[in-house]
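Survey of secondary and tertiary structure
What follows is each chain in one-letter form.
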Amino acid sequence: DAGVTQSPTHLIKTRGQHVTLRCSPISGHKSVSWYQQVLGQGPQFIFQYYEKEERGRGNFPDRFSARQFPNYSSELNVNALLLGDSALYLCASSRGEGTDTQYFGPGTRLTVL
Amino acid sequence: AQSVTQPDIHITVSEGASLELRCNYSYGATPYLFWYVQSPGQGLQLLLKYFSGDTLVQGIKGFEAEFKRSQSSFNLRKPSVHWSDAAEYFCAVGAGVSKIIFGKGTRLHILP
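Everything in this summary refers to the structure shown in the same document.

Throughout this description, disulfide means a covalent bond between two cysteine sulfur atoms. All names here are of chain A. The tally for this structure, following the rule as stated, stands at two disulfides over all chains. Covalently, cysteine 23 is tied to cysteine 91 through a disulfide, its sulfur atoms 1.8 Å apart. For the disulfide bridge between cysteine 23 and cysteine 91, the dihedral angle about the S-S bond is near -60°, and by the sign convention the bridge is left-handed. Taken together, the positions of cysteine 23 in strand β3 (residues 19–24) and cysteine 91 in strand β9 (residues 87–94) put the pair 68 residues apart, joining distant regions of the chain. Taken individually, cysteine 23 and cysteine 91 each receive the classification buried, so the pair is uniform in this respect.

What follows is the structure, encoded as C-alpha cells:
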C-alpha cells in the first residue's frame, strides 16, 4: 500500500503570499494531522481532522487553516506568509482520531523569502 | 502542561557499540509514548510505541524502549548500532484528544 503522500515537495514563496499544501492519507485512514517542523526543532502540532471535522488545533495564528475532503485527503492553507513560516510541513494519517498511531509523509519544504 | 525532554542534542557512538537515547515526559495521565526516526530531508518513521501493558517495547530495526512510570522516562536502546542508524530521533507523547507533542530531537552520529 502507498504511504502518506504530500505535494509539492518544495515550494518557494515571498512574504505576504498565500500557500496551499496537499496531503493524501494511507488508504483506509480517516484522520489527517498537520505539523510544522522548523529547522533544528521537533514537529509542532497544527491541526487534526477526522471525518472532515476539525478535532484539534495547536497554538498557531488564524493565518493557518485546513480542511479535509470526502476522500479524506487534506489541504493546509497559510495566508500572509511570514519569513518565520519557512519550515518543513508534515502530514500524518491515522485510522482513527486522537492519538492513534500516526504515519508521516515526506513533508513539504516551504521557503519564504 | 504536557512536555517531552530529550536532554542530549547530539550523541556519537562507534559502529557496533550499544546505544541509549534518553527521553523524559511530563503528562498527568497514562501516556501514549512514541519514538520516531528522521533521516535528513525525510519525514518521520515510527520505530515503536507504548500504549499499555508490557513496559519493554520492541520496535523495528532492532530498537527497544522501556517505559518507567516512576522516572517518567521512555528511553530508547539498541544493543549494536549500524552506520545506517545515523539520523535524528524524536521522542513523543500523545497529549489529550488529538495531538502528539514531540521533543526537540537527538541527532545520532556513528563513528566507523
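Right, picking up where we left off after that structure.
A cis geometry characterises the amide bond from serine 7 of chain A onward to proline 8 of chain A, with omega recorded as -10°. Following the sequence through the fold, proline 8 of chain A ends up in the loop between β1 (5–7) and β2 (10–13). Phi at alanine 80 of chain A is positive, roughly 45°, even though this residue is not glycine. For alanine 80 of chain A, the position within the fold is in the loop between β8 (74–78) and β9. Even without being glycine, lysine 61 of chain B reaches a positive phi, approximately 60°. Counting through the fold element by element, lysine 61 of chain B comes out in the loop between β7 (56–58) and β8 (64–68).

Residue and element names in this part refer to chain A. Taken in spatial order, the four strands line up as β1-β3-β8-β7 in an open sheet, and their pairing is antiparallel. At either margin of the open sheet sits one strand with a lone partner, and together these are β1 and β7 (64–68). Within the sheet, the average angular offset between the axes of one strand and its neighbour, ignoring direction, is 15°. Looking at chain direction, β3 and β8 are connected through five bridges and run antiparallel. From the neighbouring strand, cysteine 23 faces β8, where its bridge partner is serine 74.

Here we take up the interface of chain B and chain A. How big an interface is tends to be stated in terms of the accessible area lost upon association of its parts. Each partner contributes residues to the interface: chain B has 22 residues there, and chain A has 19 residues. Each partner contributes to the roughly 1600 Å² buried at the junction of chain B and chain A, and carbon and sulfur atoms together form 57% of this total. On the surface where chain B and chain A come into contact, there are zero salt bridges. Run the count over chain B and chain A and you get three residue pairs in polar contact (both at pLDDT 80 or more). Taken together, the elements giving at least two residues each to the side of chain B that touches chain A come down to β5 (32–38), β6 (44–50), β10 (87–95) and β11 (99–102) of chain B. The greatest single-element share of the side of chain B that touches chain A, amounting to four residues, is contributed by β5 of chain B. Its residues placed into classes, the side of chain B that touches chain A shows 11 nonpolar, eight polar and three charged.

You can see proline 61 of chain A is positioned in the loop between β6 (53–57) and β7. Taking the C-alpha atoms as reference, proline 61 of chain A lies 9.6 Å from valine 78 of chain A; in sequence the two are 17 residues apart.

This part is about the pattern of salt bridges. Counting across every chain of the model gives 12 salt bridges over all chains. Put simply, lysine 78 of chain B and aspartate 85 of chain B hold a salt bridge, and the shortest N to O gap is 2.8 Å. Taken as a pair, lysine 78 of chain B and aspartate 85 of chain B share a single burial class, namely buried. Overlapping salt bridges, with partners in common, bring together Arg22, Arg67 and Glu75 of chain A in one network.

About the thresholds
- Residues numbered from 1 in each chain as written.
- Chains lettered and ligands numbered in written order.
- Predicted model: local features only at pLDDT ≥ 70, side-chain atom pairs only at ≥ 80, totals over all residues.
- Heavy atoms only, no water.
- Disulfide = S-S within 2.5 Å.
- Helix = DSSP H or I, 4+ residues; strand = E, 2+ residues; numbered from the N terminus.
- Buried < 20%, exposed > 50% of the residue type's maximum accessible area, 1.4 Å probe, protein only.
- Pairing = 2+ DSSP bridges.
- Axes fitted to C-alpha atoms, helices over the stretch in contact; angles between N-to-C directions.
- Contact = heavy atoms within 4.5 Å.
- Buried area = accessible area lost by both parts, 1.4 Å probe.
- Salt bridge = Lys/Arg side-chain N within 4 Å of Asp/Glu carboxyl O.
- Polar contact = N/O pair within 3.5 Å; in protein donor to acceptor, adjacent residues only side chain to side chain.
- Nonpolar A, V, L, I, M, F, W, Y, C, P; charged D, E, K, R; others polar.

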